[in-house]
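# Examination of the molecular architecture
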Amino acid sequence: MYDLIVIGGGPGGYTAAARAASKGVGRVLLIEKNALGGTCLNEGCIPAKTLLHSAKLWQSVKGASKYGVVAEAVEYKQDKVIARKNKIVRKLVAGVKAKVTASGAEILLGEASVVAVENNLYTVQVGEEQFQTTKLILAQGGEVSIPPIKGLDRVSYWTSREALSAKELPQDLTVIGGGVIGMEFAAYFCSVGVKVNVVEMLPEILGGLDREISSQLREEYSKLGVNFYLNAKVVEVSPEGVTIEHEGETKLLPASQLLLSTGRRPQTKGLEVLGLEMQGRGVKVNAKMETSAPGVYAIGDLTGFSQLAHTAIREAGVAVDNILGNEKEISYRAIPAVVYCTPEVAGVGYTEEQLQKENIPYTKASLNMTYAGRFVVENEQGSGLCKVLIGEKDEILGVHMLGNTSSEIIVVAAVAIDNGISASRLAEVIFPHPTVAEIIKETIDSEQK
Ligand SMILES: Cc1cc2nc3c(=O)[nH]c(=O)nc-3n(C[C@H](O)[C@H](O)[C@H](O)COP(=O)(O)OP(=O)(O)OC[C@H]3O[C@@H](n4cnc5c(N)ncnc54)[C@H](O)[C@@H]3O)c2cc1C
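All of the points below concern the structure found in this document.

Parameters at a glance
Residues numbered from 1 in each chain as written. Predicted model: local features only at pLDDT ≥ 70, side-chain atom pairs only at ≥ 80, totals over all residues. Heavy atoms only, no water. Helix = DSSP H or I, 4+ residues; strand = E, 2+ residues; numbered from the N terminus. Buried < 20%, exposed > 50% of the residue type's maximum accessible area, 1.4 Å probe, protein only. Polar contact = N/O pair within 3.5 Å; in protein donor to acceptor, adjacent residues only side chain to side chain. Contact = heavy atoms within 4.5 Å. Right-handed = clockwise from strand over helix to strand, strands pointing away. Pairing = 2+ DSSP bridges. Patch = residues over 30% accessible without salt bridge, like charges linked within 9 Å, V, L, I, M, F, W, Y side chains within 5 Å. Areas by Shrake-Rupley, 256 points an atom, 1.4 Å probe, with all protein chains shown as cover. Salt bridge = Lys/Arg side-chain N within 4 Å of Asp/Glu carboxyl O. Lys, Arg positive; Asp, Glu negative; His and termini not counted. Charge placed at Lys NZ, Arg CZ, Asp CG, Glu CD. Near = heavy atom within 4 Å. Expected span 1.5 Å × (residues − 1). Axes fitted to C-alpha atoms, helices over the stretch in contact; angles between N-to-C directions. Phe/Tyr/Trp six-rings, centres within 6.5 Å; stacked < 30°, edge-to-face > 60°. Parallel < 35°, antiparallel > 145°, perpendicular 65-115°, else oblique. Left-handed = near helix turned anticlockwise from the far one by under 90°. Nonpolar A, V, L, I, M, F, W, Y, C, P; charged D, E, K, R; others polar.

The next thing to look at is the side chain of threonine 174. Position of threonine 174 relative to the elements: it lies in strand β9 (residues 172-176). Residue threonine 174 is classed as buried on the basis of its relative accessible area of 0%. A polar side-chain atom of threonine 174 sits 3.1 Å from a polar atom in the side chain of asparagine 197. In this structure threonine 174 touches Asn197, Val199, Val242, Leu253, Pro254, Ala255, Gln257, Leu258 and Leu259, once residues within four positions along its chain are discounted.

What follows is the structure, given as structure tokens:
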């Protein structure tokens, strides 16, 4: 008999199991059907960022003469990059295993299904074995969603999984889907010399991110040779390539390699007996991460909501606190979104498009990243943008940035938004100099002069 069973060992599940065991929930079992670390460590965030880092290094070395450093005879070895990626994944997965074990939670490898519910007691089956518990955290994550495109059954294609393991670079690549994941792959393959097309059905890449910044990123990659087809519809794929309808014409894009990056959907298999209330394809939860079944919580990509590892991790904390009786509600006010291209994109809070849609009044402070001395030092001929959106009561509604290293800096804005720190108060904080982060303060000051 367990006090808690967690199904799924991704960032949501392993965080929940380790936290629950170490905070005294009692006997905790974590069940994972593939590899601990889930999508994030094995075929998502970490492998993608490992590849992107190698590509960034390669671009830096090739462009080093701009900084007075002459590098000769540099080579990019895709097979070695993949070998390093595999080594990093092994190391981090081992780290997760050590963390969960040290917490006192038990780990079981196998596919779990909930097979019976009686008087709020849940029976979970793995192979021939059955386990009982009064509390469940469902953290089964998501899987690649394949759209019904004509001809897909006649061609071979990559999803993110195969793209992250390709030991050889294709001659050219057509990416269907210009969201965050599609753009990171487009950036990677373009940076290492592959001719890349991106086909996106919406008017702009990067979906719900700030439109002005997304369009600037697209322009940067257009200059590097990526062909973007926006407002484009995929009609068919065939061995000859991808046929699209774009700007009133039918076009055939040659694609020696096709990459589908059209989204992910929650993995709900094995939960049928629970009869859970759903929201779209995801499991419906309230602010405490409770599902419609008593004692059953759902977190992470399974809810189909944010589909980000850091959201899954925070939701795990909220679910465990509620199991412990420390009433907690999730706040989604400040979920940072990052695109790890070069230049990086990062944003948190409302975008201008959302504010306009919701009729929320705001002032926009915006500065080129070159106002930060450190940015100029480290980005020869580089430019970028920092936007701070400020409400009528001086509250920070959103911050959106283009430029390295906005992925690290955005947390300053997230802390401010999450804690209701006003724009003028944030600008009074002493930022270390010279740092790129100073751009946030500079941008606010530029508006409040
Ligand atoms: C290419 C790519 C890049 C990404 N980059 C980022 C990024 O930079 N930043 C970011 O925040 N997010 C990123 N993501 C998204 C991120 O990976 C997910 O949001 C995150 O992994 C969700 O965590 P989770 O714990 O909900 O689910 P998952 O990580 O998907 O883990 C779920 C686990 O449950 C297991 N499981 C499922 N069903 C069962 C069952 N019945 N029994 C036992 N085990 C089961 C699965 O095997 C899996 O290991 C990326 C995703 C992809 C694909």
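On we go from here.
Moving on, we get to the pairing of strand β1 (residues 4-7). Regular strands have side chains that alternate between both faces of the sheet. Judged by which residues are buried, β1 turns out to be covered on both faces: Leu4 and Val6 on one side and Ile5 and Ile7 on the other are all buried. Read from β1 through helix α1 (residues 11-22) to strand β2 (residues 28-32), the crossover connection turns out right-handed. The pairing of β1 with strand β7 (residues 136-138) spans three bridges and is parallel. By the bridge assignment for β7, isoleucine 5 is matched with leucine 136.

Turning to a positive patch on the surface, a few remarks are in order. On the surface, Arg84, Lys87, Arg90 and Lys91 cluster together into a patch of positive charge. You can see lysine 91 is positioned in helix α4 (residues 78-103).

Once that is clear, we can look at the site of the ligand. Taken together, 37 residues lie near the ligand, and Glu32, Thr39, Lys49, Asp301 and Ala309 sit nearest. Lysine 33 places a polar main-chain atom, nitrogen or oxygen, 3.0 Å from a nitrogen atom of the ligand. Contact between the ligand and cysteine 40: an oxygen atom at 3.3 Å from a main-chain N or O atom of the residue. Starting from 1000 Å² of accessible surface for the ligand in isolation, the protein chains cover 95%. For the shell around the ligand, the secondary-structure elements that each account for two or more residues are α1, β2, α2 (38-43), α3 (45-62) and α8 (309-323).

Spanning 15 residues, α8 covers 21 Å between terminal C-alpha atoms, matching the ideal 21 Å at 1.5 Å per step. Within α8, 11 of the 15 residues are buried, which leaves it mostly tucked inside the rest of the structure. Every buried residue of α8 is accounted for by Thr311, Ala312, Glu315, Ala316, Gly317, Val318, Ala319, Val320, Asp321, Asn322 and Ile323. The secondary structure elements touched by the buried residues of α8 are β1, α1, β7 and β19 (296-298). After α8 finishes, the residue glycine 325 shows a positive phi value of roughly 90 degrees.

The next thing to look at is the sheet that holds strand β3 (residues 106-109). Taken together, five strands build an open sheet; the order of strands is β3-β2-β1-β7-β19 and the sheet is parallel. The outermost strands of the open sheet, each flanked by one partner alone, are β3 and β19. Direction aside, neighbouring strands of the sheet carry axes that sit 20 degrees apart on average. Alignment of β1 against β2, held across four bridges, turns out to be parallel.

So, about the packing of aromatic side chains. Here the structure, examined in full by the defined rule, presents seven aromatic pairs. For the ring pair tyrosine 2 and phenylalanine 131, a centre distance of 6.2 Å and an interplane angle of 65 degrees mean the geometry is edge-to-face. In this pair, tyrosine 2 is assigned in the segment before β1 and phenylalanine 131 in strand β6 (residues 129-133), connecting sequence segments 129 residues apart. We note that tyrosine 2, like phenylalanine 131, is buried. Aromatic pair phenylalanine 305 and tyrosine 332: ring centres 4.4 Å apart, planes at 55 degrees, arrangement tilted.

Turning our eyes to something else, we now look at the packing of α1 against α4. At their nearest, the axes of α1 and α4 sit 8 Å apart, and the two run at 25 degrees to each other. Overall, the two elements α1 and α4 adopt an arrangement that is roughly parallel. Seen from above, α1 lies across α4 with left-handed handedness. When α1 is examined against α4, the residues Tyr14, Ala17, Ala18, Ala21 and Ser22 are found in contact with a partner set consisting of Val96, Lys99, Val100 and Ser103. Residue composition of the contact of α1 with α4, grouped by class: six nonpolar, two polar and one charged.

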